[in-house]
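# Chains, contacts and geometry: an overview
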Amino acid sequence: MAMQNSNSTSIATPSSRSAVLKGALGALGLALAFGMASVPALRADSTVVRPLDDKVAALPVTYTFDKSADPEAGPYILSLKNTATSPVTVSVKVLLSVYFHADSKARILPDHTIDPGQIWTVPGLAANDKVSVSSKEYTTLELIVP
């Protein structure tokens, strides 16, 4: 009966470790090379965003922020004046700078039509509130209460 040597288990020799390490590094190098080679190709195929020739007109309103004398109306009031020759329908969204955690962070006012030359006021604004005045026909006006 032949005796088996307990040292004959498969032990990696330094040369076999080196070969495995070289193979792994080679595979990693190839993966990186193919990955880097495809990046310029992706950039070349991407579409370029260009500004449109038919830009949307600016919202025809002027605005002012005034301090309120009435504590019920809030510290600031936004006045929007229609400078167009036709009525303008606007919607206003106020992102509150200070709010109670259980309440909404935004106050959305219903659509309002401002007649030509008329002024519409938005009361109850605080410092650093962000006001977005939008209309379907015009670009959105983004304001920050002083």
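In this report, we go over the structure that sits alongside the text. Predicted model only: the values in this text are computed from it and were never measured.

## Let's talk about the overall build of the protein chain
When helices and strands are counted, the protein chain shows one helix and seven strands. Along the protein chain, helices and strands appear, N-terminal first, in the series α-β-β-β-β-β-β-β. If you take every contact in the protein chain between residues at least 6 apart in sequence, the share linking residues at least 24 apart comes to 57%. As displayed, the protein chain has an accessible area near 11,100 Å², and 60% of this comes from carbon and sulfur atoms.

## Things to note about the sheet that holds strand β5 (residues 119-125)
Reading across the sheet, the three strands line up as β1-β2-β5 and stay open at both edges, with antiparallel pairing between neighbours. Both outer strands of the open sheet, β1 (61-67) and β5, are each paired with one neighbouring strand and no more. Sheet twist, expressed as the average angle between the axes of neighbouring strands with direction ignored, equals 20°. Note that strand β2 (residues 76-82) and β5 share five bridges and pair antiparallel. Bridging across to β5, L78 finds its partner in V122.

## Concerning the nonpolar core
For soluble globular proteins, the rule of thumb is that nonpolar side chains tend to be buried together. L78, L80, V92, W120, L125, V131 and V133 are the most contacted members of the largest nonpolar core, which totals 20 residues. Those elements that place two or more of their residues in this core are β1, β2, β3 (88-95), β4 (106-114), β5 and β6 (130-134). At four residues, the largest contribution of residues to this core is made by β3.

## Thoughts on unusual backbone geometry
Of note, N128 is a non-glycine position whose phi angle comes to about 70°, a positive value. Of note, N128 is situated in the loop between β5 and β6.

## Here we look at the side chain of S132
Note on placement: S132 falls in strand β6. Looking at S132, its side chain comes within polar contact range of the side chain of E142, at 3.2 Å. Residues within four places of S132 in sequence aside, it is in contact with S91, V92, K93, T140, L141 and E142.

## Here we look at the sheet that holds β3
The pairing of strands in a sheet comes from backbone hydrogen bonds and takes either a parallel or an antiparallel form. Across the sheet, which stays open at both edges, the four strands sit in the order β4-β3-β6-β7 with antiparallel pairing between neighbours. With partners counted over all chains shown, the strands left at the sheet margins are β4 and β7 (141-144), one partner each. Between one strand axis and the next, the sheet turns through 20° on average, direction left out of account.

## Here we look at the packing of aromatic side chains
Taken as a whole and judged by the stated rule, the model has one aromatic pair. For the pair Y63 and F65, a centre-to-centre distance of 6.0 Å together with 70° between the ring planes defines the contact as edge-to-face. Classification of Y63 by relative accessible area gives partly exposed; the value is 39%. Under the relative-accessibility criterion, F65 is labelled buried at 19%.

## Things to note about a nonpolar patch on the surface
A grouping of L21, L25, L28 and L32 is seen on the molecular surface, where their side chains present a nonpolar patch of about 420 Å² in accessible area. Assignment of secondary structure puts L28 in helix α1 (residues 14-45).

## Remarks on the environment of Y63
For Y63, the position within the fold is in strand β1. Along the chain, Y63 and L141 lie 78 residues apart, while their C-alpha atoms are 10.0 Å from each other. Once residues within four sequence positions are removed from consideration, Y63 is found in contact with L78, S79, L80, L141 and L143.

Procedures and definitions
- Residues numbered from 1 in each chain as written.
- Predicted model: local features only at pLDDT ≥ 70, side-chain atom pairs only at ≥ 80, totals over all residues.
- Heavy atoms only, no water.
- Helix = DSSP H or I, 4+ residues; strand = E, 2+ residues; numbered from the N terminus.
- Contact = heavy atoms within 4.5 Å.
- Areas by Shrake-Rupley, 256 points an atom, 1.4 Å probe, with all protein chains shown as cover.
- Pairing = 2+ DSSP bridges.
- Axes fitted to C-alpha atoms, helices over the stretch in contact; angles between N-to-C directions.
- Core = buried A, V, L, I, M, F, W, Y, C linked by side-chain atoms within 4.5 Å.
- Buried < 20%, exposed > 50% of the residue type's maximum accessible area, 1.4 Å probe, protein only.
- Polar contact = N/O pair within 3.5 Å; in protein donor to acceptor, adjacent residues only side chain to side chain.
- Phe/Tyr/Trp six-rings, centres within 6.5 Å; stacked < 30°, edge-to-face > 60°.
- Patch = residues over 30% accessible without salt bridge, like charges linked within 9 Å, V, L, I, M, F, W, Y side chains within 5 Å.
- Salt bridge = Lys/Arg side-chain N within 4 Å of Asp/Glu carboxyl O.

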